[in-house]
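Below are the chains, spelled out letter by letter.
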Amino acid sequence: MTPTPAVPPAIDVRGLVKRFGTRTVVNDVSIRVGQGQIYGFLGPNGSGKTTTIRLLCGLLTPDAGEGTCLGLDIRTQSAAIKRQVGYMTQKFSFWEDLSIAENLDFVARMYGVPDRRRKVAAALERLGLGNRRAQLAGELSGGWKQRLALAACILHEPKLLLLDEPTAGVDPKARREFWEEIHRLAGEGLTVLVSTHYMDEAERCHEIAYIAYGTLMVHGPVDRVVAESGLRTRLVEGGDPRRIAADLEGKPGVEMVAVFGSRLHVSGTDAAALDAALKPWMGGPWMDGQAVRVVETEPTLEDVFIHLMNRSTDNFS
Ligand SMILES: Nc1ncnc2c1ncn2[C@@H]1O[C@H](COP(=O)(O)OP(=O)(O)OP(=O)(O)O)[C@@H](O)[C@H]1O
């Protein structure tokens, strides 16, 4: 039997560097993204996520490094790559006094999309915009605007979709529906690169990369990123979380204390030192008429990212 040929990665780049003036905004980034994967980019504001995504698909030329996107060279074949990319920028603009359908038709004409009418109809159908086709874009709520933006980005049937903070300011239900659509598209083979600050969005990605000040600090599936962080977390329940937090802040072994309503997440990389700091709170002392309880828990992705952020130094400022 002939073995099935392995599907080549959608993106395979090594050693990418980008400088703006004297600042190195992307520093030696190597990434491989499988076809049909949703790959999330996280990191502090201005840390180079958008620049990295643009380099990966040839929209910007790197100062050093090499690689391929959709099997094409990111340095020499960027025009051919761009034709196969759908890019939803942070500030997607519409013609507010045109309807949804007219906006899509306009975009399709502008990009010379063949078989325009059928493609516009398909995009309207696919994103549940059919019933609203005549509604003016300027009257749409945030969630519907995102859908229209997504419809416009997939009209030309790209193989790679770039989403730059796609759901900023969108309500949770609309975000969930947006992500269901992204997963459907990925299921059909579309590769998706998404930058986000939302942990729930990161958890919906097949793999994530955390970039801080131009450096790729960790990458991989969410579970692996959490497991490999080396972070240990204890959950403290009962009593007054703010007073317990104040007691723990700055103690050896305690690297982070975060209040979640009536609970605390206390984390550090040295489990013995962490437990030594928590010792006075173990064994159920009473506080404000409640028993305080300390249990081991998994760090959340947010715990891991705050930890990474604390560890990274802002070499941009
Ligand atoms: N064309 C440019 N010329 C000069 N500096 C730039 C240019 N584009 C981006 N930068 C700078 O490079 C750094 C990284 O920007 P980038 O937009 O990639 O970060 P980001 O992680 O996507 O940020 P955010 O989360 O705020 O969107 C920033 O300090 C930004 O000001």
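All values derive from a computational prediction rather than experimental measurement.

What counts, and where the lines are drawn
Residues numbered from 1 in each chain as written. Predicted model: local features only at pLDDT ≥ 70, side-chain atom pairs only at ≥ 80, totals over all residues. Axes fitted to C-alpha atoms, helices over the stretch in contact; angles between N-to-C directions. Helix = DSSP H or I, 4+ residues; strand = E, 2+ residues; numbered from the N terminus. Parallel < 35°, antiparallel > 145°, perpendicular 65-115°, else oblique. Left-handed = near helix turned anticlockwise from the far one by under 90°. Contact = placed C-beta atoms within 7 Å. Nonpolar A, V, L, I, M, F, W, Y, C, P; charged D, E, K, R; others polar. Core = buried A, V, L, I, M, F, W, Y, C linked by C-beta atoms within 7 Å. Buried ≥ 20, exposed ≤ 12 C-beta atoms within 10 Å, placed from the backbone. Pairing = 2+ DSSP bridges.

Asks: Any chance you could break down the packing of helix α3 (residues 100-110) against helix α4 (residues 116-126) for me, citing the residues and the numbers?
Replies: In helix packing, the relevant descriptors are the interaxial angle and the interaxial distance, both defined with respect to the helix axes. Where α3 meets α4, the closest approach of the two axes is 10 Å, and the angle between their N-to-C directions is 135 degrees. Of the possible angle classes, the one that applies to α3 and α4 is oblique. Seen along the crossing, α3 lies across α4 with a hand that is right-handed. Contact with α3, carried on its side by Ala 101, Leu 104, Asp 105, Ala 108 and Arg 109, involves Arg 116, Lys 119, Val 120, Ala 123 and Leu 124 of α4 and no other residues of that element. Its residues assigned to classes, the contact of α3 with α4 comprises six nonpolar, no polar and four charged.

Asks: Please provide a residue-by-residue account of the nonpolar core, values included.
Replies: Within the largest apolar cluster, 69 residues are counted, with the highest numbers of intra-cluster contacts made by Leu 56, Leu 104, Ala 151 and Val 192. Take this core: its biggest share by element is six residues, from helix α5 (residues 142-154). Leave out the neighbours within four places in its chain, and Ala 151 touches Leu 104, Ala 123, Leu 124, Leu 127 and Leu 129. Val 257, Leu 274, Trp 281 and Val 294 belong to the second largest nonpolar core, which has 13 residues in total.

Asks: Tell me about the packing of α3 against α5, and please be specific about residues and values.
Replies: As a packed pair, α3 and α5 sit with axes 9 Å apart at the nearest point and diverge in direction by 30 degrees. By the angle between their axes, α3 is roughly parallel relative to α5. Viewed along their axes, α3 and α5 form a crossing whose handedness is right-handed. Residues Ile 100, Asn 103, Leu 104 and Val 107 of α3 pack against Leu 148, Ala 151 and Ala 152 of α5. Among the residues making up the contact of α3 with α5, the classes are represented as six nonpolar, one polar and no charged.

Asks: I'd love a proper account of the pairing of strand β9 (residues 207-212), names of residues and values included.
Replies: Two faces, one strand: in a regular strand the side chains alternate between the faces of the sheet. Burial runs high along β9: five of the six residues are buried. Strand direction decides the pairing type here: strand β3 (residues 38-42) and β9, joined by four bridges, are parallel. Looking at β9, one finds that Gly 40 is bridged to Ile 208. In this structure, β9 lies alongside strand β10 (residues 215-220), joined through five bridges in antiparallel fashion. Considered in β10, the bridge of Ile 208 is made with Gly 220. Between β9 and β10, which follow one another and run antiparallel, lie two residues, and Tyr 213 among them has a positive phi close to 50 degrees.

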